[in-house]
Amino acid sequence: MSDVINQAVEALNAKLGDDGFDGSVKVEITGEGSLVVDSNGARAGDEETDCTLTADAETFVGMMDGDVNPTSAFMTGKLAVDGDMGVAMKLGALLA
């Protein structure tokens, strides 16, 4: 597992706290791997989810750091969304 995935899992779990996430999202980071966020928190994984987000490492790290707005990344083609857009927006709000 890559350092980017490990750091993303840690950061997302810190943002989620004990509440988990209402829905399920897989984040595919090009060249790094994927992680899943659901009611159990964030973890490295590649299972089926309500929504899949795909971005390169630079875009995803920027979203996690607050330097890249998820909506802007989507509108400019740096972030692809496949599946339930409502679930994607919930995760975007969590990152903001």
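Peer 1: Requested: an account of helix H2 (residues 57-65), with residues and values cited.
Peer 2: Here H2 has its buried residues at Ala-57, Thr-59, Phe-60, Gly-62, Met-63 and Met-64. Contact partners of the buried residues in H2: helix H1 (3-16), strand S1 (25-30), strand S4 (51-56), helix H3 (70-75), strand S5 (79-83) and helix H4 (85-95).

Peer 1: Residue-level account of the layout of surface pockets, with values.
Peer 2: In this structure, the largest pocket spans a volume of roughly 270 Å³. Contributing elements (two or more residues each) for the lining of the largest pocket: H3, S5 and H4. At seven residues, the largest contribution of residues to the lining of the largest pocket is made by H4. Residues belonging to the lining of the largest pocket are distributed by class as follows: 14 nonpolar, three polar and no charged.

Peer 1: Quick rundown of the pattern of salt bridges? Include the residues and the values.
Peer 2: Tallied over the entire structure, the rule returns five salt bridges. For Lys-90, the salt bridge goes to Asp-22, with nearest N and O atoms at 3.2 Å. Here the residue Lys-90 occupies a position in helix H4, and Asp-22 occupies one in the loop between H1 and S1, the gap between them amounting to 68 residues. For Lys-90, a relative accessible area of 38% corresponds to the partly exposed category. Asp-38 is the salt-bridge partner of Arg-43, the closest N and O atoms lying 2.8 Å from each other. We classify Asp-38 as buried; its relative accessible area is 12%. Each of Lys-26, Glu-28 and Asp-46 takes part in a single network of salt bridges with overlapping partners.

Peer 1: Go over the confidence of the model for the chain with me, naming the residues and quoting the values.
Peer 2: Within the chain, residue pLDDT values average 92, and 98% of them lie at 70 or more. Here H4 stands out as the element of the chain with the lowest mean pLDDT, 88, in contrast to S4, whose mean of 97 is the highest.

Peer 1: Can you lay out the environment of Gly-20 for me, pointing to particular residues and giving the numbers?
Peer 2: Topologically, Gly-20 is positioned in the loop between H1 and S1. Gly-20 sits in the buried class, given a relative accessible area of 15%. On a C-alpha basis, the gap between Gly-20 and Asp-38 in space is 6.2 Å, while along the polypeptide they are 18 residues apart. Residues in contact with Gly-20, not counting those within four places in the same chain, are Asp-38, Ser-39 and Gly-41.

Cut-offs and rules
Along every chain, residues carry numbers that run from 1 in the direction the sequence is written. This being a predicted model, a pLDDT of at least 70 is required before a residue's local features are given, and a value of 80 or more before pairs of side-chain atoms are given or counted; all residues contribute to the totals for chains, interfaces and linings. Each side-chain value is worked out from all heavy atoms of the structure, with water and hydrogens disregarded. To sort residues, take the accessible area from a 1.4 Å probe on protein chains only and compare it with the maximum for the residue type: under 20% means buried, over 50% means exposed, and anything in between is partly exposed. To qualify as a helix, a DSSP run of H or I must reach at least 4 residues; to qualify as a strand, a run of E must reach at least 2; elements of each kind are numbered from the N terminus. In this description, contact between two residues means that some pair of their heavy atoms is separated by no more than 4.5 Å. A 1.4 Å probe that fits but cannot get out identifies a cavity on a 1 Å grid over protein atoms alone, an open set with protein on both sides within 12 Å along at least five of seven lines counts as a pocket, and a residue lines either if it has an atom within 4 Å of a point. Grid points are joined across faces, edges and corners, and a volume is the space filled by probe spheres set on the points. Put simply, Ala, Val, Leu, Ile, Met, Phe, Trp, Tyr, Cys and Pro go in the nonpolar bin, Asp, Glu, Lys and Arg in the charged bin, and everything else, Gly too, in the polar bin. A pairing counts as a salt bridge when a side-chain nitrogen of Lys or Arg comes within 4 Å of a carboxyl oxygen of Asp or Glu. Summary of the metric used: pLDDT quantifies the predictor's per-residue confidence within the range 0 to 100.

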